[in-house]
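# Architecture and fold: a report
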Amino acid sequence: MRISVIGCGYLGAVHAASMAELGHTVVGVDVDARKVELLSQGKAPFFEPGFEEILRRNVEAGRLTFTADYAAIAGAQVHFIGVGTPQSETGAANLTYVNAAIEGMLPHLGQCADGVEVVAGKSTVPVGTAARLAEQVAPTGVILVWNPEFLREGFAVKDTLDPDRMVYGLPDDEQAAADAQAVLDELYRPIIDAGTPRLVMDYQTAELVKISANAFLATKISFINAMAQICDAVGADVTALAGAIGLDDRIGKRFLRAGIGFGGGCLPKDIRAFQRAPMSWGWGRRSASSLRWTRSTTPCATPW
Ligand SMILES: NC(=O)c1ccc[n+]([C@@H]2O[C@H](COP(=O)([O-])OP(=O)(O)OC[C@H]3O[C@@H](n4cnc5c(N)ncnc54)[C@H](O)[C@@H]3O)[C@@H](O)[C@H]2O)c1
């Protein structure tokens, strides 16, 4: 299958190389000329175990190319959106790059000769984004799906090729949903055949699955940090406590290490965007402000 990946940062570059590894012909598009140059030479712009190996192998095999020219996506059957959704001044997700990606893609959509053409969003976005973008691409005849990404940095190649699950957020129209699902199933065939759960749902649930997964992970870290404060106060040992409660299957050991809080590229910005989201759902100032947005310099250690 011919596919394109818009935005070749951490998510996009790994996704592009991984899809080429599955045998697809992939073009990656990025506005960063230096990144395009490095990737085109098979050189990873960041360290990720196993990534440079599959990048180089597929660039050399001619299955994987990179460019800054959106025209290169014309004729591909699936177009992934993997651009950044950083935190804006207000804490809400900045969708400038997603919007620019759609604008860049639009003139080149609807030219696939091989069947149903799909735009698949992978970036982490607030609820409502997929429905809005679907309206924008509708005149081209292309179907939009939301296919959020759950990869962990450090395990990105493994998580892309052997994920815990795949989520398809599909349109309400039954025929369009069935058509888009068939295209994604064909694209991901080796991953599905390996037994990976593939969960089908509507746009808004797919968007929320990603956001709530990160919110839950953040909650676990913040919970054990709150317990650490109590342990300090009463002379208890939080490491022993975490080990003991983590043996309960309902709780689990992961993300229960007390520490200085958390950072990284995703959890802080994603939970802040989640805190801002009620505003755009029309919940009004009272309910949104009850979530108490803060711009702490030690983000999210205790978000409440
Ligand atoms: N990094 C992760 O571990 C991870 C995991 C899951 C989900 N995500 C989500 O994936 C998205 C991308 O994250 P990332 O870490 O890859 O970000 P990143 O900053 O590493 O990469 C974004 C890339 O998009 C490019 N870009 C920006 N505007 C563009 C445009 N108009 N056209 C083409 N390219 C453009 C940038 O140059 C950059 O290379 C975010 O929404 C993030 O929340 C990231």
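Refer to the structure above for everything that follows.
Just so you know, these numbers come straight off a predicted model, no measurement behind them. (Residues numbered from 1 in each chain as written. Predicted model: local features only at pLDDT ≥ 70, side-chain atom pairs only at ≥ 80, totals over all residues. Heavy atoms only, no water.)

A full pass over the atoms with the stated rule returns 4 aromatic pairs. Taken together, a centroid distance of 6.4 Å and an interplanar angle of 45° make the contact between Phe-80 and Tyr-188 tilted. With Phe-80 in strand S4 (residues 78–81) and Tyr-188 in the loop between helix H7 (174–187) and helix H8 (189–193), the pair connects residues that are 108 residues apart, well separated along the chain. Phe-80 gets classed as buried once you look at its relative accessible area, which sits at 1%. Here the aromatic residues Tyr-10, Phe-46 and Phe-51 are joined through ring pairs into a cluster of three or more. The ring of Phe-155 has Arg-152 lying over it, and the distance from NZ or CZ to the ring centre is 4.3 Å. One residue, Arg-165, lies across the ring of Phe-150, its end atom 3.7 Å from the ring centre. (Phe/Tyr/Trp six-rings, centres within 6.5 Å; stacked < 30°, edge-to-face > 60°. Helix = DSSP H or I, 4+ residues; strand = E, 2+ residues; numbered from the N terminus. Buried < 20%, exposed > 50% of the residue type's maximum accessible area, 1.4 Å probe, protein only. Lys NZ or Arg CZ within 6 Å of the ring centre and 35° of its normal.)

With 40 residues, the main nonpolar core has Val-26, Phe-51, Leu-64, Phe-66, Val-78, Phe-80 and Tyr-188 as its most contacted residues. Beyond its immediate chain neighbours, meaning those up to four positions away, Phe-51 contacts Ala-13, Val-14, Ala-17, Leu-39, Ala-44, Pro-45, Phe-46 and Val-157. Counting 24 residues, the second-largest nonpolar core is a separate cluster that includes Val-29, Ile-73, Ile-81 and Val-83. (Core = buried A, V, L, I, M, F, W, Y, C linked by side-chain atoms within 4.5 Å. Contact = heavy atoms within 4.5 Å.)

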